[in-house]
Amino acid sequence: MKRTLHGVTLAAVLFTGGVSLAQSATPAAKPAAKGMADFKGFMAPTDPKAFLERLHYINQSEIKQAELAQKTSENPDVKSYAKMMIDSHTAADKQVMDFAKTQKMTLADMPKPANDMEKKAMAADKAHMEKLQTLKGMPFDSCYMANQVGAHDDAIGKVMAAKQGMTSAPAEMTTMLTQLSQELPKHRDMAYQTLGKLPQTMGVGGSGMQGGSMDHGSMNHGSPGSMGGSMGGSTGTTGGSMGGSTGTTGGATKTK
């Protein structure tokens, strides 16, 4: 698989943020804010309801973008990836909403930003969706798939932060986080592979996008070329929360 990526790929990652409330890495010496858990610079709320709202937001954002990709893209690999995202995130969102119902929680569709960083990230998510709606052909495919890599890196990182911080969460919540930490790196890897299949027109040297590896320590569910370690972000996803190679994950991303 070719590892050189389009200039538009780099632009998509650096300027559009990620669907998963993209989180820049915080300095190691700076402790996490009260009510927030930190995992290698990725932060997530320790309150179950607040984190479930973010999962719901991520799922709905992924579904909407994937539906747009199904309608807009003419690339069979991109359309296949988008179909997988619709199916997977629809099922994941049902699990989130069903669990919230058992806990008598009403989840907001748009989480209240915990800080200025989240506020800016959510604004970037909105801008990214608006940008996708104006694109066609390969510019759409490159922008969509590049963002998918970074968004999953962010998501993976947030899930890992939540797993680390929610020490007294209900058993169902713990199980859900474990499932996400296993599935999201797979999504991130698929996004990276699909991105690599797109026609190459302009190499991006030194962007942090090459190599496709993000080290999340204890997680080793990604296949070669995707995760060195995992909802840390798989895109730079995830980061993860939900591994990364895009360079949007700050110090948590390692390039081979």
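Just above sits the structure.
This structure is a prediction, so every number in the text was calculated from the model and none was measured.

*Asks:* Explain the overall build of the protein to me, using residue names and the numbers behind them.
*Replies:* For the protein, the helix and strand inventory stands at six helices and two strands. Listed N to C, the secondary structure of the protein is α-β-β-α-α-α-α-α in terms of helices and strands. Residue burial in the protein is summarised as follows: out of 256 residues, 54% are buried. Accessible surface for the protein amounts to roughly 10800 Å². Of this, 56% is attributable to carbon and sulfur atoms.

*Asks:* Go over the environment of Lys163, please, and point to the residues and values.
*Replies:* Relative to the helices and strands, Lys163 is located in helix α5 (residues 137–165). Classification of Lys163 as partly exposed rests on a relative accessible area of 35%. When sequence neighbours within four positions are dropped, the list of residues in contact with Lys163 reads Leu177, Thr178 and Ser181.

*Asks:* Could you give me a rundown of the environment of His89, with the residues and numbers involved?
*Replies:* Tracing the chain through its elements places His89 in helix α3 (residues 76–102). In sequence terms His89 and Ile58 are 31 residues apart; their C-alpha atoms lie 8.6 Å from each other. Residues within four places of His89 in sequence aside, it is in contact with Asn59, Glu62, Ile63, His152 and His187. Within polar-contact distance, the side chain of His89 engages the side chain of Asn59 at 2.8 Å.

*Asks:* Hey, could you go over the pattern of salt bridges for me, with residue numbers and the actual values?
*Replies:* Under the criterion given, the structure shown has seven salt bridges. Residues Lys49 and Glu53 are paired through a salt bridge, measuring 2.9 Å at the closest nitrogen-oxygen approach. With a gap of four residues between them, Lys49 and Glu53 both fall in helix α2 (residues 48–72), about one helical turn apart. Between Asp87 and Lys83 there is a salt bridge; the shortest N-O distance is 2.7 Å. Within this pair, Asp87 and its partner Lys83 are both found in helix α3, separated by four residues, close to a single helical turn.

*Asks:* Kindly report on the nonpolar core, identifying the contributing residues and their values.
*Replies:* Nonpolar side chains in soluble globular proteins tend to be buried together. Ranked by internal contacts, the top residues of the largest apolar core, which has 23 residues, are Phe51, Leu52, Leu55, Met166, Met173, Met176 and Leu177. Within the residue set of this core, elements represented by two or more residues are β1 (36–39), α2, α3, α5 and α6 (171–197).

*Asks:* Account for the side chain of Asp141, naming residues and giving values.
*Replies:* Mapped onto the fold, Asp141 is located in helix α5. As a buried residue without a salt bridge, Asp141 has its nearest oppositely charged side chain in Lys79, at a separation of 8.7 Å. At 2.7 Å, the side chain of Asp141 and the side chain of Ser73 are in polar contact.

*Asks:* Pulling in residues and values, what's your account of α2?
*Replies:* Along its 25 residues, α2 runs 36 Å from first to last C-alpha, staying within 8% of the 36 Å computed at 1.5 Å per residue. Across the 25 residues of α2, 18 count as buried, placing the element largely inside the fold.

*Asks:* Help me get a handle on the packing of aromatic side chains, residues and values and all.
*Replies:* As enumerated under the stated definition, the model contains two aromatic pairs in all. Judged by centre distance (6.1 Å) and plane angle (65°), the rings of Tyr81 and Tyr144 are edge-to-face. Of the two residues, Tyr81 is situated in helix α3 and Tyr144 in helix α5; the sequence distance between them amounts to 63 residues. Judged on exposure class, the residue Tyr81 and its partner Tyr144 are both buried. A relative accessible area of 0% means that Tyr144 is categorised as buried. By way of ring pairs, the aromatic residues Tyr81, Phe140 and Tyr144 are connected into one cluster.

*Asks:* I'd like a description of α3, backed by residues and values.
*Replies:* The end-to-end C-alpha distance of α3 is 39 Å, a good match for the 39 Å that 27 residues give at a rise of 1.5 Å each. As for α3, its buried residues are in contact with α2, α5 and α6. A side-chain oxygen of the first residue of α3 lies 2.8 Å from the backbone nitrogen of Asp77; this N-cap is Asn75. Looking one or two places after α3, you find Lys104, whose phi comes out positive at around 60°.

Conventions adopted
Residue numbers run consecutively from 1 along every chain, following the written order of its sequence. In keeping with the model being predicted, local features are shown solely for residues with a pLDDT of at least 70 and side-chain atom pairs are shown and tallied solely at 80 or more, while totals for entire chains, interfaces and linings include all residues. In computing side-chain values, all of the structure's heavy atoms are included and hydrogens and water are not. Think of it this way: any DSSP run of H or I at least four residues long counts as a helix, any run of E at least two long counts as a strand, and we number them from the N terminus. Only protein chains enter the calculation, and the probe is 1.4 Å; a residue is then buried if its accessible area is under 20% of its type maximum, exposed if over 50%, and partly exposed in between. In this description, accessible areas are obtained by the Shrake-Rupley approach with a 1.4 Å probe, and a residue is regarded as covered only by the protein chains that are shown. The contact criterion used throughout is that any non-hydrogen atoms of two residues lie within 4.5 Å. By the criterion applied in these results, polar contacts are pairs of N or O atoms within 3.5 Å in which, for protein atoms, one can donate a hydrogen and the other can accept it, and in which residues neighboring in sequence qualify only through two side-chain atoms. Salt bridges are defined by distance alone: a side-chain nitrogen of Lys or Arg within 4 Å of a carboxyl oxygen of Asp or Glu. Only buried residues count toward a nonpolar core. Its members are Ala, Val, Leu, Ile, Met, Phe, Trp, Tyr and Cys residues joined through side-chain atoms within 4.5 Å. Counted as positive: Lys and Arg. Counted as negative: Asp and Glu, with His and the chain ends omitted from the count. Multiply 1.5 Å by the residue count of a helix minus one, and that product is the helix's expected span. Note on ring pairs: Phe, Tyr and Trp rings are taken, using the six-membered ring of Trp, and paired if centres are within 6.5 Å. Classes follow the plane angle, with under 30 degrees stacked, over 60 edge-to-face and the rest tilted.

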